[in-house]
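So the chains spell out like this:
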Amino acid sequence: MKSVLKLENVTKHYGTVHALQGATLELYSGEITALVGDNGAGKSTLVKVISGVIQPTTGSMQVQGESVVFLNPQMARTAGVHTVFQDLALVDSLTTAENMFLGAELKHRFLNREIPILNRQKMKIETIKALGVLGITTLKDPSTRIESLSGGQRQSVAIARAVRDSAPIVILDEPTAALGVSQSEQVLGLMKRLKVSGTAVLVVSHNLREVFSVSDRVIVMRLGKIVANFQTKDVTEEDVVLAIVGSARDGN
Amino acid sequence: MGTKIDKRKIDSSDSEEISSARKVLTKEGFPLFFAMILTILIFRIATESFLDPRNIANLLGQIAPLVLIAVASTLVIVMGEIDLSLGSIAGFSGALAAFFIGSTNLHWVFGIIVTVLLTLAIALLQGAIVVFGRVRSFAVTLAGFLVWHGVQVGVLGNASQRPLNRSPLADLSITRVSSGWVLLGSLIYFALYLCFFILVKSNNSREPEGNESSRKILTVTRTLLPLVALCLFSKYLDQVGGIPLTLFLVLVITLCSWFLLTRMPIGRHMYSIGGNPAAARANGISVTKVRLTGFILTGLLASLAGISIISYTGGADSSTGAGSLLLQGIGATVIGGVSLIGGRGSVWGAFGGAVLLSAVQNGLALLSLPFYVIDIVEGLVVLTALLADALIRRKYTFS
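Residues numbered from 1 in each chain as written. Chains lettered and ligands numbered in written order. Predicted model: local features only at pLDDT ≥ 70, side-chain atom pairs only at ≥ 80, totals over all residues. Heavy atoms only, no water.

Draft legend 1. Geometry of the overall build of chain A. Tallying secondary structure elements over chain A gives 8 helices and 12 strands in all. In terms of C-alpha radius of gyration, chain A reaches 19 Å, essentially the compact-globule figure of 18 Å for 252 residues. Seen along its three principal axes, the alpha-carbon backbone of chain A occupies a region of about 65 × 40 × 35 Å. Accessible surface, chain A as shown: approximately 10,800 Å² in total, 51% of it carbon and sulfur. Charge centroids of chain A, computed over 27 positive and 24 negative side chains, lie 6 Å from each other. (Helix = DSSP H or I, 4+ residues; strand = E, 2+ residues; numbered from the N terminus. Rg over C-alpha atoms; globule rule 2.2 N^0.38 Å. Areas by Shrake-Rupley, 256 points an atom, 1.4 Å probe, with all protein chains shown as cover. Lys, Arg positive; Asp, Glu negative; His and termini not counted. Charge placed at Lys NZ, Arg CZ, Asp CG, Glu CD.)

Draft legend 2. Summary view of the state of the cysteines. All names here are of chain B. Under the criterion given, the structure shown has 0 disulfides over all chains. Unpaired in this structure, Cys195 has its nearest cysteine sulfur neighbour in Cys256, at a distance of 17 Å. Owing to a relative accessible area of 49%, Cys256 belongs among the partly exposed residues under this scheme. (Disulfide = S-S within 2.5 Å. Buried < 20%, exposed > 50% of the residue type's maximum accessible area, 1.4 Å probe, protein only.)

Draft legend 3. Examining the sheet that holds strand β11 (residues 217-222) of chain A more closely. All names here are of chain A. Spatial ordering of the open sheet is given by β6-β9-β10-β3-β11-β12, a layout of 6 strands whose pairing is mixed. Edge strands, defined here as strands with exactly one partner in the open sheet, are β6 (81-84) and β12 (225-231). Across this sheet, the average inter-strand angle for adjacent strands is 20 degrees, counted without regard to direction. As defined by bridge partners, β11 adjoins β12 across 6 bridges and the pair is classed as antiparallel. (Pairing = 2+ DSSP bridges. Axes fitted to C-alpha atoms, helices over the stretch in contact; angles between N-to-C directions.)

Draft legend 4. Here's a closer look at helix α8 (residues 237-245) of chain A. Residue and element names in this part refer to chain A. All of the buried residues along α8 are Asp239, Val240, Ala243 and Ile244. Taken end-on, α8 shows its buried residues confined to a sector of 135 degrees, consistent with a single buried face. Seen from the buried face of α8, the exposed residues on the opposite side, beyond 90 degrees, are Glu238 and Val245. If you follow the buried residues of α8, they end up packed against β3 (32-37), α7 (208-214), β11 and β12. Positioned one or two residues after α8, Gly246 has a phi angle of 95 degrees, which is positive. (Arc of directions from axis to C-beta. Contact = heavy atoms within 4.5 Å.)

Draft legend 5. Summary view of the packing of helix α7 (residues 108-132) of chain B against helix α15 (residues 287-313) of chain B. Residue and element names in this part refer to chain B. One way to put it is that α7 packs onto α15 with a least axis distance of 8 Å and a crossing angle of 145 degrees. At the point where α7 passes α15, the crossing takes the right-handed sense. Together, Ile112, Thr115, Val116, Thr119, Leu120, Ala123, Leu124, Gly127, Ala128, Val130, Val131 and Phe132 of α7 and Thr288, Arg291, Leu292, Phe295, Ile296, Gly299, Leu300, Ser303, Leu304 and Ile307 of α15 make up the contact between the two elements. Among the residues forming the contact of α7 with α15, the class breakdown is 15 nonpolar, 6 polar and 1 charged. (Left-handed = near helix turned anticlockwise from the far one by under 90°. Nonpolar A, V, L, I, M, F, W, Y, C, P; charged D, E, K, R; others polar.)

Draft legend 6. Structural detail: the pairing of strand β2 (residues 17-28) of chain A. Residues and elements named next belong to chain A. In the sheet, strand β1 (residues 3-14) pairs with β2 via 8 bridges, with the strands oriented antiparallel. The residue bridging Leu7 from the neighbouring strand is Leu25, located in β2. Where β1 hands over to β2, the hairpin turn is made up of 2 residues, of which Gly15 adopts a positive phi near 60 degrees.

Structure (structure tokens):
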């Protein structure tokens, strides 16, 4: 499997607080990697570094073999790292289609040149297409405003937007935390389809049952360090819990 | 958070079969439409002359400043900001234009151009302080409210007023457009629209099979209907000379603002900044640039509002523009369903709100009620609009 993202010895210090201490990890295309750990273990800090929200104190990062430094989320996106944060970054009062293309609107062309007039019809059609590719069938009308969608539908839109430009790396921050059972299933199914399409998926989760149902690998963090890197099929939930709380049998 | 999501879960099951009642009631503009009908009915019964062509032309000939301020307010409010200096900027602009046109040899068109340019500089300055200085727009424009009113009084000089001295600008507000011209204008607009439709739109988007032609007919009809309504309306006013030119002009300006807000990327970015600034930023929208543009456009509209006032009153004095115009403008915006929190609302709502407020004023004046009653009723209308909106939303939406 192809390595698409590589982090080496990444640290992040806030004054005397060492939020991240020498994190090294790799993500592979067509693989779902779960990132678990207790509150304050450094998961969010790690995700923020990878997605360009914050800059690491030391360490290096490679995307598809090339060294990168992300000064902002936009740079990360351009490099192919798309992150779906917990707050989803959707605008409630805009429609599904408008949110799908927020900041990257499709425009009309005139005499072979782009003019600053929205091509609303095309955005709607592309939205339906993008949702269809991911098997999201509960959203039929792209003119529906986000505020009248359910939590699962919102999550679906956010994920669909992240992979709109077929991103090689997708990071999901607690995608099912606020969802009910059936909606969580939808999102997990979505992740599996991303995996099949060759995307490298990193998912932050607290729910070990879900982690075991979708992930190929589990990375455990504790106190700012990566303490374990398991192949999911080789371990039990108990092993992971022990690694999270810091007892014996730390992974390789 | 938990309870909110739970509620959504329950509602999501039937979200695809939204009842038609809910669709109508939650549509932006419904409360406004209802209030408009009610107002017309009440004043039609209470007064003889409310629906007279003469009264309607008179009423609509005065609404330009209020409409412009309401549309300007909409532009800042959808971005989640507020501009309390709009009335003062209008007043300053009016005083400046009156000075250039009435007291210098400058041609009136140049006078207007110089005035607008100077006002744009002011708007840019205020916007820059908000955006780069990271000060709340409420505070900056509150200061602007005082500063620009001071400058306005300064420009007026010792006489504290400046007449336009029979400039053609003063004729603008009494000019009427007969139905023939309205028809011609409508035809030109429709021709331009068809050109755009054929040359740009149909080349750019492949329709899904089947509903192509029915959708096209629907789109064209939606453009045609308001034009037909406008032509019929001007026909009705022909006996008093036609519709006021200033109404025609503010219709065009509102149309342009609507196009900018709903059909151009920058407009959608303005809404997204008002609705969820973090999301806008996360999606790579240059929040700084969009907000600055918004403030500049707002200044432009406020400037035109000031000029439309002096055109109507024949000159500027210290009461031109100022606080009451600002508050009515924001009131009209709110009546029109523009949310003060930002992110939602339309300029046509603001336009309707301005017409409604003016109609109420006009109707009460026809009843020869004292001024203080008019103020009280106006305030109550704004309050009622807000309450109706809040009640309907609470009942029919879940967010």
